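# Observations on chain architecture
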Amino acid sequence: MESIFTLSILQSALELGCIYSLVALALFISFSILNIADLSTDGCFTLGCAVGAMVTISGHPFLALFAAMGAGIASGFITAFLQTRMGVPSILAGIIVNTGLYTVNIAVMGFSSNVNLFGCDTIFSLAKDKITAGWYNDWYKFLIVFLIVIVIGIILAWFLNTRLGLSIRATGDNEHMVRASSINPLFTITVGLCIANSLTALSGAILGQYQKSCDINLGTGMVTIALASLIIGETLIGKGSVFRKVIGVILGSCLYRFIVAVALRMNVPAEALKLVSAIIVAIAISFPYLKEKAAFQRQRTVSIRMNKKGGGSAC
Amino acid sequence: MLKIQNISKTFNPGTVNEKRALNQVSLELAAGDFATIVGSNGAGKSTLFNAITGAFYVDEGQIVLDGEDITYQKEHIRSKVIGHLFQDPLKGTAPHMTIEENMALAYLRASTASHAFFSRINAKEKQKFREQLSLLNMGLEDRMKQPVGLLSGGQRQALTLLMATMVTPKILLLDEHTAALDPATAEKVLELTKSIIAERQITCLMVTHNMHQALELGNRTLMMDGGSIVFDVQGEERSKLTIDDLLKQFQICAGKRLDNDRILLSK
């Protein structure tokens, strides 16, 4: 049996890991920081991909990234508007927007369920022609996505320590404190969701150019996948400064892609991938809880044994 | 400084749970006044505080703070100039953020320029935080990078007090802020409160269940019952008042036997 760890597997895991890590960073903002489960992520990812693909087709691959981010901000704003100004529960707001986005996405793609970008300039094809060195030919895709993710990561870590960033973090951390300290939670939730969704859409746009196609079902299950990456990252890197957490999320995303690649390599059929993701998320989320419970059980067993031994004299 | 005129608030109007929590309350505090408030549970003390901070809007009446009518001002806007400490020490700080970040938030909240969204804390300000923390004598100045969640209740409450007064508020509301702490820590936090208020001449309202504190601290004592201020004493009259007098007064004003153990026991 040939090795399951080949260089090309590592390479594509790193490439996809970096691209999808933007969604994981988006959930880091909405789920970890704001404590809101933003279920519009699936639709928003496809929205970013669709908007990005259409702008790329018209010949502006760079503009496509910003257009996608703009679309993501709009989507995030609507989700936030529903929950902050219209009294819709946050989970429901995400589901509503997600449902609506399906139609929007189809419309963006010219009422077709997929478009392809073959023959169009993409950020990847443009960068490929710049240098002709051998190693560059193998790694240019990774270099591009890595650069984008690092820049976004640094900006995000910087932003989360500004006044507005601190306010957003406090919003999800302590409701009472926020109310007593001149932060308008409606505003911080809106800003947070706009930023998160812009990252989700950016990820979609980059993926579209990476695989040269966009499909209406592209985003299905994206929340679960991103959550898996986020939790793997948090478990790996643990607690620490914001910058450390951001790095953890990116690493977690790469590791998740690696796990998936290995699973595929071990002849897990591609159709089973979503189930594998779901299982990984379920295990990853329940792991800290189960660990604590197991520790308690052990301690209790020991304690009961001790009590039995010394029981007579104690009473 | 603070002028409250005939404010009323009824919760759940028109239902079986209808409760008139504030009933035509009027109160005027001069700048630098430090008033203590006593009253049994449900008397409306916390509701009065929440009306001032804007957790809800009053049904009628007017609240004026430092010449500005804040009756219908949004909560997050007026909280720029109002410091509020709760009984629960966990309520005043963000547990997953570090001591430094919590202080930065408190410091930046009052930097009045509304465009200062992206302002950050610089080294000089960090040094200032350090100095302020060292005044607490709790060793917190060496733990500035640790999450606040690791601190004890007393440490968190002391930090909250520091944060609430970091930028001098126009009024400081203390809602039994030492009641959940052990006696030694409570004493320490109280000492700190006294020194900060005296040093900066902060106008302050403090709810307490300790009759001794109610007479000892500040320059004025208020008693609330059934959503109204039933007794208001200051100056010479107050200095002559004993704890027994205050308890008696409570019974007269309330017109009923005192059934609150906490007040009796804290005599």
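It is worth spelling out the overall build of chain B at this point. Within chain B one finds 10 helices and 10 strands. Dimensions along the principal axes, computed over C-alpha positions, put chain B at roughly 60 × 40 × 40 Å. Considering chain B as a whole, with its 267 residues, one finds that 41% of them fall into the buried category. Partitioning the intrachain contacts of chain B with sequence separation of at least 6 by distance along the chain shows that 70% fall at a separation of at least 24.

A word on the overall build of chain A. If you tally the helices and strands in chain A, you get 12 helices and two strands. Going from N to C terminus, chain A has its helices and strands arranged as α-α-α-α-β-α-α-α-α-α-β-α-α-α. On the principal axes, the C-alpha backbone points of chain A span a range of 85 × 60 × 35 Å. Looking at chain A as a whole, 45% of its 315 residues qualify as buried. Partitioning the intrachain contacts of chain A with sequence separation of at least 6 by distance along the chain shows that 78% fall at a separation of at least 24.

To continue, consider the nonpolar core. Proteins that are soluble and globular tend to have nonpolar side chains buried together. One finds Leu25(A) and Ala226(A) to be the most contacted residues of the largest nonpolar core, which totals 81 residues. Residues contacting Leu25(A), with those up to four places away along its chain left out, are Ile152(A), Leu156(A), Leu199(A), Val246(A) and Val249(A). Core analysis: the next-biggest nonpolar cluster, separate from the first, contains 71 residues, Leu48(B), Val58(B), Leu140(B) and Ile171(B) among them.

Once that is clear, we can look at the pairing of strand β8 (residues 203-207) of chain B. Along any regular strand, the residues point their side chains to alternate faces of the sheet. Residues and elements named next belong to chain B. Most of β8 sits inside the fold, with five of its five residues counted as buried. Residue alternation in β8 divides its side chains into two sets, Thr203, Leu205 and Val207 and Cys204 and Met206, and both sets are buried. Judged from the four bridges that link them, strand β3 (residues 34-38) and β8 form a sheet pairing that is parallel. Within β8, the position partnered with phenylalanine 34 by the bridge is cysteine 204. Since strand β7 (residues 171-175) and β8 lie parallel, the crossover through helix α6 (residues 183-200) that links them has a hand, and here it is right-handed.

Residues and elements named next belong to chain B. Considering every residue of chain B, the mean pLDDT works out to 86; 92% of them sit at 70 or more. Helix α10 (residues 261-265) is the least confidently modelled element of chain B, averaging 53 in pLDDT, while β8 averages 94, the highest of any element. Note on the complex model: pTM 0.87, ipTM 0.83.

It is worth spelling out the packing of helix α7 (residues 163-173) of chain A against helix α9 (residues 185-211) of chain A at this point. Residue and element names in this part refer to chain A. Axis separation between α7 and α9 bottoms out at 9 Å; the angle between their running directions is 105°. As judged from the angle between their axes, α7 and α9 are roughly perpendicular. Packed against α7, whose contacting residues are Leu164, Ser167, Ile168 and Thr171, the element α9 presents Pro185, Thr188, Ile189, Val191 and Gly192 at the interface. In the contact of α7 with α9, the residues fall into five nonpolar, four polar and no charged.

When two helices pack together, their arrangement is given by the angle between the helix axes and by the axis-to-axis distance. Residue and element names in this part refer to chain A. Running from amino to carboxyl end, helix α1 (residues 7-33) crosses helix α10 (residues 222-237) at an angle of 80°, the nearest separation of the two axes being 8 Å. When the axes of α1 and α10 are compared, the pair comes out roughly perpendicular. Contacts between α1 and α10 involve Tyr20, Ser21, Val23, Ala24, Leu27, Phe28, Phe31 and Ser32 from the former and Met222, Ile225, Ala226, Leu227, Ser229, Leu230 and Gly233 from the latter. Residues that form the contact of α1 with α10 fall into these classes: 11 nonpolar, four polar and no charged.

Our focus in this paragraph is α10(A). Its 16 residues place the ends of α10(A) 22 Å apart at the C-alpha level, agreeing with the 22 Å of an ideal helix rising 1.5 Å per residue. Where α10(A) is concerned, the buried positions are Met222(A), Val223(A), Ile225(A), Ala226(A), Leu227(A), Ala228(A), Ser229(A), Leu230(A), Ile231(A), Ile232(A) and Gly233(A).

Looking now at the sheet that holds strand β1 (residues 2-11) of chain B. One key point about sheets: their strands pair by backbone hydrogen bonds, in either a parallel or an antiparallel sense. Residue and element names in this part refer to chain B. On the basis of which strands lie adjacent, the open sheet formed by four strands has the order β2-β1-β4-β5 and antiparallel pairing. Bordering the open sheet on either side are β2 (19-29) and β5 (68-69), each of which pairs with just one other strand. Pairing analysis gives seven bridges linking β1 to β2, with the strands arranged antiparallel. By the bridge assignment, leucine 2 is partnered in β2 with leucine 29. Sheet strands in contact with helix α1 (residues 45-53) are β1, β2 and β4 (60-65), and its direction is about 65° off that of β2.

Between chain A and chain B, the residue contacts involve 18 residues of the former and 26 residues of the latter. Looking at the side of chain A that touches chain B, the elements that each hand over two or more residues are α7 and α8 (175-180) of chain A. No other element matches α7(A), which puts seven residues into the side of chain A that touches chain B.

It is worth spelling out unusual backbone geometry at this point. Residue and element names in this part refer to chain B. A positive phi is found at glutamine 24, a non-glycine position, where the angle reads about 50°. Considering the arrangement of structural elements, one finds glutamine 24 in strand β2. Residues other than glycine seldom take positive phi values, yet glutamate 176 does so here, at roughly 50°. Assignment of secondary structure puts glutamate 176 in the loop between β7 and α6. Residue classification places glutamate 176 among the partly exposed positions, given that 18 C-beta atoms sit within 10 Å.

To continue, consider the sheet that holds β8(B). Residue and element names in this part refer to chain B. In space, the six strands of this open sheet follow the order β6-β7-β8-β3-β9-β10, with mixed pairing throughout. Where the open sheet ends on each side, the last strands, each with one partner, are β6 (82-85) and β10 (228-234). Taken over all neighbouring pairs, the strand axes of this sheet differ in orientation by 15° on average, direction set aside. As paired elements, β3 and strand β9 (residues 220-225) share four bridges and run parallel to each other. Residue pairing for β9: isoleucine 37 is matched across the bridge by leucine 222.

Another point: the environment of Ile197(B). All names here are of chain B. Among the structural elements, isoleucine 197 can be located in helix α6. Expressed as a C-alpha distance, the spacing of isoleucine 197 and aspartate 33, which sit 164 residues apart in the sequence, is 9.8 Å. Discounting chain neighbours no more than four positions away, the residues touching isoleucine 197 are Phe34, Leu172, Ile202 and Cys204.

Each value, and the rule that gives it
Residues numbered from 1 in each chain as written. Chains lettered and ligands numbered in written order. Predicted model: local features only at pLDDT ≥ 70, side-chain atom pairs only at ≥ 80, totals over all residues. Helix = DSSP H or I, 4+ residues; strand = E, 2+ residues; numbered from the N terminus. Buried ≥ 20, exposed ≤ 12 C-beta atoms within 10 Å, placed from the backbone. Contact = placed C-beta atoms within 7 Å. Core = buried A, V, L, I, M, F, W, Y, C linked by C-beta atoms within 7 Å. Pairing = 2+ DSSP bridges. Right-handed = clockwise from strand over helix to strand, strands pointing away. pLDDT = per-residue confidence, 0-100. Axes fitted to C-alpha atoms, helices over the stretch in contact; angles between N-to-C directions. Parallel < 35°, antiparallel > 145°, perpendicular 65-115°, else oblique. Nonpolar A, V, L, I, M, F, W, Y, C, P; charged D, E, K, R; others polar. Expected span 1.5 Å × (residues − 1).

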